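Architecture at a glance
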Amino acid sequence: MPNVVVVGAQWGDEGKGKVVDLLTQHAQVVVRFQGGNNAGHTLVVAGQKTVLHLIPSGILHPGKVCVIGNGVVVDPAVLAQEMDGLKARGLLKDDGQLLVSGNAALICPWHKQLDVRREKLRGGGAIGTTGRGIGPAYEDKVGRRALRVRDLLVPARLALKVADAVAATDPELRRLAEAGGAEHVPLDAAGVSAELSALGEKLRPHVADTGVYLGHRVQQGARILFEGAQGTLLDVDHGTYPYVTSSNCVAGNAAVGSGVGPTVLDKVMGITKAYTTRVGGGPFPTELTGELGDLLRKAGDEYGATTGRPRRCGWLDGVVLRYAARVNGLWGLALTKLDILSGLKTLQICTAYELDGQRVTELPQDAEDLARVTPVYETLPGWDEPLAGARTLEDLPPHARRYVRRVEEVAGVPVVCVSVGADRGETILLQNPFRT
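1. Thoughts on helix H10 (residues 318-328)
Across the 11 residues of H10, eight count as buried, placing the element largely inside the fold. Among all positions of H10, only Gly318, Val319, Val320, Leu321, Tyr323, Ala324, Ala325 and Asn328 are buried. In this fold, the buried residues of H10 make contact with strand S1 (4-8), strand S11 (267-273), strand S14 (316-317), strand S16 (346-355) and helix H12 (398-411). At the N-terminal end of H10, a side-chain oxygen is found 3.0 Å from the backbone nitrogen of Val319, two or three residues along, and the residue is Asp317. Gly329 occupies a position one or two residues after H10 and carries a positive phi of about 65°.

Here it is in structure tokens:
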């Protein structure tokens, strides 16, 4: 049976949660393989909105197993709160419904303080982090000093590691506080250890060797859906560095962040909005800073699900899509928020850039160069009709169908799914990736 990876093909916020929720009906297991609670995946089912930050977006489907893989950085307090919210709604009924890798690195209180204080001192050069401690947690992971989920289950070991970490980070926290004109209050290692240990007891029934579990499910022929967070252009290696997140968001990391071999991954679906957005700093060639950008933001409710920050909005960038198609090996594209473009008389798609008098069709690797490009646009006619009732491609107005086909041509990847509204049912699935 095919296994499918879902990744963002822009700067995140593309609608991955909705697509994962839609595809979960065809899968048995859903795996989140990277990122942390800086992600915000929004699902709308029968008019009810759910925002998930750590738990995979397949959790709304009964009988499915959701896995938080080793590549995720886990804030145990956030995870416990998210679990409580789902249990209160009857959506998390038994322990086996959610598994958490014991090897996943933890986000601890000192990580969040480091994140916030460092970002504040960057001033005008701020990267735009969420302040959730993601970067510092990944730093500790690659520095081989991270606490991991399994440490929560051994109180004596946890206390020693927390004490060491607090002692090691306190000098930098003090320096950052003083540099920012704030009072430094040292963390209470014993108190932090007690809080983490209590959270560990709450998570204990869900902690597992998820690599072994997934290996068994692969042998059984289960259909597995791998859910990425953020987007290709936020990947720490392949994104608009340094304005990126601290993990690999591309499809290749689905294997590393889950504990399966790369031959297990069969198809990759990229998610793109019908226009482009990004949050935080960094180059954005097609950004619309005037009235039209405000219109897209309002119509598309473009505010971060995690931070509430307004998203920067612009026309669809075909150069970015072609780049995402290449580095992810995209099998198909899901085009989301097509309905938001209804009512615009004309639409534009960026097909290339101008840089230093030369036409450029590939994404510049230097963020400074990308900030200097001028988009080369192609103009297409818009449409007035609302799209929410469309359930086949033929239901779309002719100009909307033309827009979809042009996106395919510019990206070099077929559009296999079109979202025409926020609700799960407001979707046109043209090709099911789980069908061979």
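2. Quick word on the packing of aromatic side chains
Here the structure, examined in full by the defined rule, presents two aromatic pairs. Aromatic side chains Trp383 and Tyr403 sit 6.1 Å apart centroid to centroid with 65° between the ring planes, which places their arrangement in the edge-to-face category. Within this pair, whereas Trp383 is found in the loop between strand S18 (374-381) and H12, its partner Tyr403 is found in helix H12, the two being separated by 20 residues in sequence. Of the two residues examined, Trp383 and Tyr403, each falls in the buried class.

3. Notes on the pairing of strand S10 (residues 224-227)
Neither face of S10 is left uncovered, since the one carrying Ile224 and Phe226 and the one carrying Leu225 and Glu227 both have all their residues buried. Pairing analysis gives three bridges linking S1 to S10, with the strands arranged parallel. Bridge pairing in S10 links Val5 to Phe226. Here strand S2 (residues 29-32) pairs with S10 via four bridges, running parallel. The partner of Arg32 across the bridge, within S10, is Glu227.

4. Structural notes on the sheet that holds strand S15 (residues 332-336)
An order of S9-S7-S5-S2-S10-S1-S11-S15-S19-S20 is seen for the 10 strands of this open sheet, with the pairing classed as mixed. Edge positions in the sheet fall to strand S9 (207-208) and strand S20 (427-429), since each of these pairs with one other strand and no more.

5. Brief notes about the pattern of salt bridges
One pass over the full model with this rule turns up 26 salt bridges. For Arg372, the salt bridge is made with Asp369, and the minimal N-O distance between the two is 3.0 Å. When its relative accessible area of 25% is taken as the criterion, Asp369 is described as partly exposed. A salt bridge links Glu378 to Arg406, with the nearest nitrogen and oxygen atoms 2.7 Å apart. Of this pair, Glu378 sits in strand S18 while Arg406 is found in helix H12, placing the two residues 28 residues apart along the sequence. On the basis of relative accessible area, Glu378 is assigned to the partly exposed category, the value being 26%. One salt-bridge network, in which partners are shared between bridges, spans Asp13, Lys273, Glu302, Arg311 and Lys337.

Criteria and thresholds
Residues numbered from 1 in each chain as written. Predicted model: local features only at pLDDT ≥ 70, side-chain atom pairs only at ≥ 80, totals over all residues. Heavy atoms only, no water. Buried < 20%, exposed > 50% of the residue type's maximum accessible area, 1.4 Å probe, protein only. Helix = DSSP H or I, 4+ residues; strand = E, 2+ residues; numbered from the N terminus. Contact = heavy atoms within 4.5 Å. Polar contact = N/O pair within 3.5 Å; in protein donor to acceptor, adjacent residues only side chain to side chain. Phe/Tyr/Trp six-rings, centres within 6.5 Å; stacked < 30°, edge-to-face > 60°. Pairing = 2+ DSSP bridges. Salt bridge = Lys/Arg side-chain N within 4 Å of Asp/Glu carboxyl O.

Don't take any of this as a statement about function, it's just geometry.
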